[in-house]
Amino acid sequence: MIRPPFMARVAAGVAITAYEEALKLPSTAMTLPMTAVSQVLQTTMRVQQSMTSLAIKGDRAFCLLDRTEEEPEWAVFDEDGADFDTNGEVDVDDSEDADDRRSAPGRFALYSMTPGDDETPVAAEKPETDVPATANVAAPEIAEELDYAALTLAQLRSRLRSLSVEDLTALLEYEEQTAARAPFQTMLANRITSAKAK
């Protein structure tokens, strides 16, 4: 057998490859739009990354040239402990009330604190009434069963649907006579109302 010249062999290889690709064309045509979009997105991401890296290098160069970077007068950060008054000026409050506000638990603490943990200023501001002390109030059976005194608001919420109206009323009365926590009272009262409506 006579071996054809190199260029003839390459031309035959190209023809066979073109034929094979033509057979694959229907399946390739289906994926072509996705492939094209993917390639465009890859290219734009590479360009963005290159631009960002060049900007970072430029920032470093400018920082080396300008060593006099100072904090502007108008910049106030949280750790400075400054508050703004109504005119937008810094109002620094060094009173004890400000320290109490900073150390008081946030509004979401009700969901994670047990009743003995919270010493809210609201409870301290209540005038003394004829409400008996916690030790003198007998806990209803449902309160002991649920270990109500140790429940957080979220834990109580998860148990409310399984309780009867009588149990809910007993818990509400117990709460009013002991800790008198507004979120707990509101939740119990709302659940009583919705249970009675059914």
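See the structure above.
Cut-offs and rules
- Residues numbered from 1 in each chain as written.
- Predicted model: local features only at pLDDT ≥ 70, side-chain atom pairs only at ≥ 80, totals over all residues.
- Heavy atoms only, no water.
- Axes fitted to C-alpha atoms, helices over the stretch in contact; angles between N-to-C directions.
- Helix = DSSP H or I, 4+ residues; strand = E, 2+ residues; numbered from the N terminus.
- Parallel < 35°, antiparallel > 145°, perpendicular 65-115°, else oblique.
- Left-handed = near helix turned anticlockwise from the far one by under 90°.
- Contact = heavy atoms within 4.5 Å.
- Nonpolar A, V, L, I, M, F, W, Y, C, P; charged D, E, K, R; others polar.
- Expected span 1.5 Å × (residues − 1).
- Bend = angle between axes of the 7 residues up to and from the residue.
- Salt bridge = Lys/Arg side-chain N within 4 Å of Asp/Glu carboxyl O.
- Buried < 20%, exposed > 50% of the residue type's maximum accessible area, 1.4 Å probe, protein only.

## Considering the packing of helix α6 (residues 165–177) against helix α7 (residues 182–197)
And step 1. Closest axis-to-axis distance for the α6/α7 pair is 9 Å, and the angle between their directions is 160 degrees. As far as their axial angle goes, α7 and α6 are roughly antiparallel. The two elements α6 and α7 cross, and the hand of that crossing is left-handed. For the pair α6 and α7, the contacting residues are Val165, Leu168, Thr169, Leu171, Leu172, Glu175 and Glu176 in the first and Phe184, Gln185, Leu188, Ala189, Arg191, Ile192, Ala195 and Lys196 in the second.
And step 2. Of the residues assigned to the contact of α6 with α7, the class counts are nine nonpolar, two polar and four charged.

## Details of helix α1 (residues 6–65)
And step 1. Taking 1.5 Å of rise per residue, the 60 residues of α1 would be expected to cover 88 Å, yet its terminal C-alpha atoms sit only 62 Å apart, more than 12% below that figure.
And step 2. For α1, the principal kink sits at Leu25 and spans about 60 degrees; a proline, Pro26, occurs within the next four residues.

## Here we look at the pattern of salt bridges
And step 1. In this structure the tally under the stated criterion is two salt bridges.
And step 2. Close ionic contact of Glu21 with Lys24 constitutes a salt bridge, the shortest N to O distance being 3.8 Å. Here Lys24 and Glu21 lie together in helix α1, a separation of three residues that amounts to about one turn.
And step 3. Judged by its relative accessible area of 43%, Glu21 falls in the partly exposed class.
And step 4. Across the salt bridge formed by Glu175 and Arg181, the nearest N and O atoms sit 2.8 Å from each other. Neither residue differs from the other here; Glu175 and Arg181 are each classed as buried.

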